[in-house]
Amino acid sequence: MEIKVEPKAMEIKVEPKAMEIKVEPKTMEIKLEQEAMEIKIHRDIPEVTVKKTKEEEQPLSPAARVFHAPAFNCYVITVIGVKKKIEPDVVIEGLKQTLIRHPRFSSKMVNKTNKNKQTQRWVRTNVVTNNHVIVPDIQTQHIENANADKFLDSYVSDLTLVPLDTSKPLWELHLLDLKTSDAENVAVLKFHHSLGDGMSLMALVLACMRKTSNLNELPTLPYQNRTSSGSSRLTGGSWRGFRFLWLFMVLWSTIMLVLNTICDALRFIATAMFLKDTKTPIKGDYRLSMPTRMSLVHLTVSLDDIKLIKTNMKMTVNDVVIGVTQAGLSKYLERRYGEKKNVVGDDQKSKKNSNEMPKRIRLRSALLVNLRPTTGIQDLADMMDKGSKCRWGNMIGYIVFPFSIGLRKDPLEHLGTAKRIIDRKKNSLEAALTFIVGKFMIKAFGVKVTANLLNRMLSNTTMSFSNLIGPIEEISFFGHPITYMAPSVYGHPHALTMHFQSYMNKMTISLTVDPTVISNPHQLLDDWEESLRNIKTAVQERSSTHQ
């Protein structure tokens, strides 16, 4: 039996089996009871009770285990621009009250061996917030906005070289006292993708924020109200009259759904086995090794311009974004092939012809689809505040989306072709099927085989693409009003990843590129912005003609 009491540190060691420690004011009475092992120390300090409990553990989900495989080790980085100088102490205190109360952000990943079988589990641990918040010393006296933007791009890109420390929860926050062209200061969040899918992580980050107009209110997302179908509004008589037509349409839709799913499944299998995209200036080759450093850049454009096109063309925002992306990629590839022709020279006709942009290019993107109903921001806020439970994890599927690459005389053709492909993909269960098959393969063949197969499939495509909906009102990050949010991901075998994040009346495009393949990502962003302007102009001209 040993008891050690130090007046300042108040360190208490009890052996064996100290089950409860109570500290009460005034006297210095120590009471020991062999069975209950209760220790009471009376002193002029507030009452504190410490109880030893068993560590909470949870196994990693199948998708989380894949994200930890060497062939598919993925991270999420989100750059957040704010309107005022960041106060680190305020942010750290805010994190203590919100983020670290989430089980995934207060758990470390532990490898355990049981009966010669290794398992990975989340184990709750004490979180020292200061160990997760990095405030670099940046000498900004002589850095102008343009150079500051380059410094930020370089700083964020350098983070892709440094893995997270697995001895503590897999996240960190960098607070940069750096004034850029579009923000007074910048915060950079880095997570391991095993913590959750992109939509869950973004919802959790938003649950830590509040509206600037009312600091007690959570951010609001622009949910679409789905109107009821025409058949549900029919009267009893008209319903009986159109019943046969309704049944025929349901049957036809079901048949098309099955056929489309079968076709997409066969294409997915072919892609995993042998079907490769055309070798273009934006396609990397990662069959042997992955890139070490990725470049992350972003651009913010007007969401109102996108909504104007959406309204006039009777499309969704996602339709417009994909259509503009198709036009931007076509413009950028035409530029890159043109640069190759100029390098070769006009006198070498055979080489010149080989460097012209092919008329038929197979360029496909892996679109990530969230299959679980999105966890509400309010649910996540309640979980961090009150300890309630809500859905969490990685439940994502993939869609292989083919872009129609080529310059068009009418830029609106890009919108039309993109919408036709999107509508066709909506009438398919490809995303759900890829998730189910992936889960089965993990159980049947293990994480390593599944990760290698997924790596092979993605290597045969060209890029990744995702689009996230953000708040419609200005929000603040622990009292710091936000100007933009730019999430992105790296660690998968693509030289180009495009993420779109809406916020208020803005849309931020984030690019993650392999600089050995795409050395000028800002040019790709400029071509995307120019394509948006061209399509907007064409839409306005069309509207004025029809008036």
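Residues numbered from 1 in each chain as written. Predicted model: local features only at pLDDT ≥ 70, side-chain atom pairs only at ≥ 80, totals over all residues. Heavy atoms only, no water.

**Q** So what's going on with the confidence of the model for the protein? Which residues, and what values?
**A** With 76% of its residues at a pLDDT of at least 70, the protein reaches an overall mean of 81. Below a pLDDT of 50 lies the segment residues 225-235, which in the model reaches five contacts outside its immediate sequence neighbourhood of four places, other chains included. (pLDDT = per-residue confidence, 0-100. Contact = heavy atoms within 4.5 Å.)

**Q** Could you give an account of the sheet that holds strand β21 (residues 506-513), with specific residues and numbers?
**A** Reading across the sheet, the six strands line up as β14-β21-β20-β17-β15-β16 and stay open at both edges, with mixed pairing between neighbours. In this open sheet, the two strands that pair with only one neighbour each are β14 (295-302) and β16 (396-403). Taking the axes of each pair of neighbouring strands and ignoring which way they run, one obtains an average angle of 20° across the sheet. Sheet topology places strand β15 (residues 363-370) next to β16; eight bridges connect them, and they run antiparallel. Residue pairing across strands places Leu368 opposite Tyr398, the latter belonging to β16. (Pairing = 2+ DSSP bridges. Helix = DSSP H or I, 4+ residues; strand = E, 2+ residues; numbered from the N terminus. Axes fitted to C-alpha atoms, helices over the stretch in contact; angles between N-to-C directions.)

**Q** Talk me through the pattern of salt bridges; I want residue IDs and the actual numbers.
**A** The final tally for this structure, using the stated rule, is 19 salt bridges. Between Lys83 and Glu474 there is a salt bridge; the shortest N-O distance is 2.5 Å. With a gap of 391 residues between them, Lys83 in the loop between β7 (75-82) and α2 (88-97) and Glu474 in the loop between β17 (463-468) and β18 (475-476) connect regions that are remote in the sequence. With relative accessibility at 48%, the residue Lys83 sits in the partly exposed group. Across the pair Asp305 and Lys536 runs a salt bridge, and its minimum N-O distance is 2.9 Å. Here the residue Asp305 occupies a position in helix α6 (residues 303-313), and Lys536 occupies one in helix α13 (residues 521-546), the gap between them amounting to 231 residues. Taking the relative accessible area as the measure of exposure, Lys536 reaches 23% and is therefore partly exposed. (Salt bridge = Lys/Arg side-chain N within 4 Å of Asp/Glu carboxyl O. Buried < 20%, exposed > 50% of the residue type's maximum accessible area, 1.4 Å probe, protein only.)

**Q** Quick rundown of the sheet that holds strand β8 (residues 107-114)? Include the residues and the values.
**A** The strand order across the open sheet built from three strands is β6-β9-β8, with neighbouring strands paired in antiparallel fashion. Of all strands in the sheet, those with a lone pairing partner are β6 (57-59) and β8, marking the two edges. Going across the sheet, the axis of each strand differs from the next one's by a mean of 35°, ignoring polarity. Direction of pairing for β6 relative to strand β9 (residues 117-124): antiparallel, over a ladder of three bridges. Across the sheet, Pro59 pairs through a bridge with Arg121, a residue of β9.

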